[in-house]
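Overview (structure and organization)
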Amino acid sequence: MKKMNPYKIDIGAVYTHKPSQHNTVKSGAFQALEKELVFDIDMTDYDDVRKCCSSADICPKCWTLMTIAIRILDRALEEDFGFEHRLWVYSGRRGVHCWVCDEDARKLSQTARSAVAEYLSVVKGGEETIKKVQLSDPIHPFISESLNVIERYFEEYALIKQDILGSKESWEKILALVPEEIQEQLQSDFPKLRNSTQRWETFRKRLAKQKGGLKKGAYADFEIMLQYCYPRLDVNVSKGVNHLLKSPFSVHPKTGRISVPIDVKAVDQFDPFSVPTISQICLELDKLLPEAEQNEKEADGDLDVKRVVREYKKTSLAQPVKIFEQFLEKMEHSWKGELQRRSDLQNDF
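These lines cover the structure that appears in this document, whether it is placed above or below. (Residues numbered from 1 in each chain as written. Predicted model: local features only at pLDDT ≥ 70, side-chain atom pairs only at ≥ 80, totals over all residues. Heavy atoms only, no water.)

Section: the overall build of the protein chain
Here is the rule we go by: We count a stretch as a helix when DSSP gives it H or I for four or more residues in a row; a strand needs E for two or more, and each element gets its number in order from the N terminus. Residue burial is assigned from relative accessible area. The probe radius is 1.4 Å, only protein chains are included, and a residue is buried under 20% of its type maximum, exposed over 50%, and partly exposed in between. Any two residues whose heavy atoms approach within 4.5 Å are treated as being in contact. Each accessible area is a Shrake-Rupley result for a 1.4 Å probe, and residues are judged covered by the shown protein chains and nothing else. Note that His is not counted, nor are the chain ends; the positive residues are Lys and Arg, and the negative ones are Asp and Glu. Where a charge sits is defined by one atom per residue type, namely NZ (Lys), CZ (Arg), CG (Asp) or CD (Glu).
Counting secondary structure elements, the protein chain contains 12 helices and 8 strands. Oriented by its inertia axes, the alpha-carbon framework of the protein chain measures out at about 85 × 55 × 45 Å. In the protein chain, buried positions account for 42% of the 349 residues. When contacts within the protein chain are restricted to residue pairs at least 6 apart in sequence, long-range pairs at least 24 apart make up 64% of them. Of the accessible surface of the protein chain, which amounts to about 20,100 Å², a share of 50% is contributed by carbon and sulfur atoms. If the 52 positive side-chain charges of the protein chain are averaged to one point and the 55 negative ones to another, these points end up 3 Å apart.

Shown next, in the form of structure tokens:
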């Protein structure tokens, strides 16, 4: 690694042959054997529903969307699919990646990966599509669970921080998503109300009154919540076995920030703006250099290699590395248990 000094490290599949030999083996012989099931969520895909930023820019207001995405998808991957080994990683700039590393996940076919990605995809349609979420009765349990997550964040994020009903221009976008039967009433109600929270409450009351007589759009409030807050997946990244994804702990070339693992249990406290940059880590290591040189002098040149390697524990990378190590330890324990189980089945004592 030091000799090659790469500026970028991407991870792909395990192949039947070394990737460097892909042009030398017989046609069709070079095949992907397995690859982690991965998900890529990018803030630019939310540009039509966030007011604070656009393109590659992010801020604390819109980062809530990534928090919601992690909570919804992590629950589904664990409870709906039974995947145990899920690593969430900050991309270093404007999004997050999820690596599902269970053996069953790694060996999924492209068709199966597409099915998982399709199951998790709710917001559909390009820029020209106005209504991107369509719910039918009864609502699927997965959608209900996702709405439970969104409900916890919706008022603070959408109604206060993004102020999605704060102006006529903003509420016109919302009214385009509600049933025609109540549009006229809301057009009259909204200018009289003070803020987004009051307008949202009025909308839900109007919808509840009309719900029994609506031909469609009975779940318009849920559809709006999902369209504005539900995770937007890059399905092509998830379904392809040949797709490359940036390695954890690599450095983003634009921001200099390190792609650190995220502790899902503390996802609400994760701050992308406090993630260390490569320059910061270099400065922290430089400050440790005099101490290391003194230790070497005292050890008469025979410095314990382990002590040098672990200098990272005195930098801002200590906690991210700890999260990664805990993830690996859990995987190792699980794999040892699986080997023991297979051995017992074969009566190999």
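Some points on the side chain of Asp40
Assignment of secondary structure puts Asp40 in strand E4 (residues 37-42). Setting aside its immediate chain neighbours within four residues, Asp40 contacts Val96, His97, Arg232, Leu233, Asp234 and Val237.

Some words on the environment of His243
With respect to the helices and strands, His243 occurs in the loop between helix H9 (235-239) and strand E7 (245-246). The contact partners of His243, leaving out residues within four places of it in the chain, are Ile11, Gly12, Lys35, Asn236 and Val237.

Let's talk about the packing of helix H5 (residues 168-175) against helix H6 (residues 180-189)
Heads up, the condition is: What counts as an axis is a line fitted to C-alpha atoms, over the stretch in contact for a helix, and the angles between N-to-C directions run from 0 to 180 degrees. When describing relative orientation, an angle under 35 degrees is termed roughly parallel and one over 145 degrees roughly antiparallel, while 65 to 115 degrees is termed roughly perpendicular and anything else oblique. Crossing handedness follows the turn of the near helix against the far one: under a right angle anticlockwise gives a left-handed crossing, and clockwise gives a right-handed one. Each residue is assigned to one of three groups, with Ala, Val, Leu, Ile, Met, Phe, Trp, Tyr, Cys and Pro labelled nonpolar, Asp, Glu, Lys and Arg labelled charged, and all others, Gly among them, labelled polar.
The N-to-C vectors of H5 and H6 enclose an angle of 165°; their axes lie 11 Å apart at closest approach. The orientation of H5 with respect to H6, classified from their angle, is roughly antiparallel. In this structure, H5 meets H6 at a crossing whose hand is right-handed. Across the interface between the two elements, Lys168, Trp171, Glu172 and Leu175 from H5 touch Gln183, Leu186 and Gln187 from H6. Class assignment for the residues of the contact of H5 with H6 results in 3 nonpolar, 2 polar and 2 charged.

Looking at unusual backbone geometry
The residue after Asp137, namely Pro138, is reached through a cis peptide bond having omega 0°. Among the secondary structure elements, Pro138 is positioned in the loop between helix H3 (110-120) and helix H4 (141-161). The backbone phi angle of Asp163 is positive, close to 50°, even though this residue is not glycine. Given a relative accessible area of 29%, Asp163 falls into the partly exposed group.

Comments concerning the pattern of salt bridges
Test applied: In the sections that follow, a salt bridge refers to a side-chain nitrogen of Lys or Arg positioned within 4 Å of a carboxyl oxygen of Asp or Glu.
Tallied over the entire structure, the rule returns 20 salt bridges. The shortest N-O distance in the salt bridge between Glu79 and Arg75 comes to 3.1 Å. Highlighted residues: Glu79 and Arg75, both in helix H1 (residues 60-80), separated by 4 residues, approximately one helical turn. Accessibility expressed as a relative area gives 53% for Glu79, which makes it exposed. The exposure class assigned to Arg75 is buried, which follows from its relative accessible area of 13%. With a closest N to O distance of 3.1 Å, Glu103 and Lys107 form a salt bridge.

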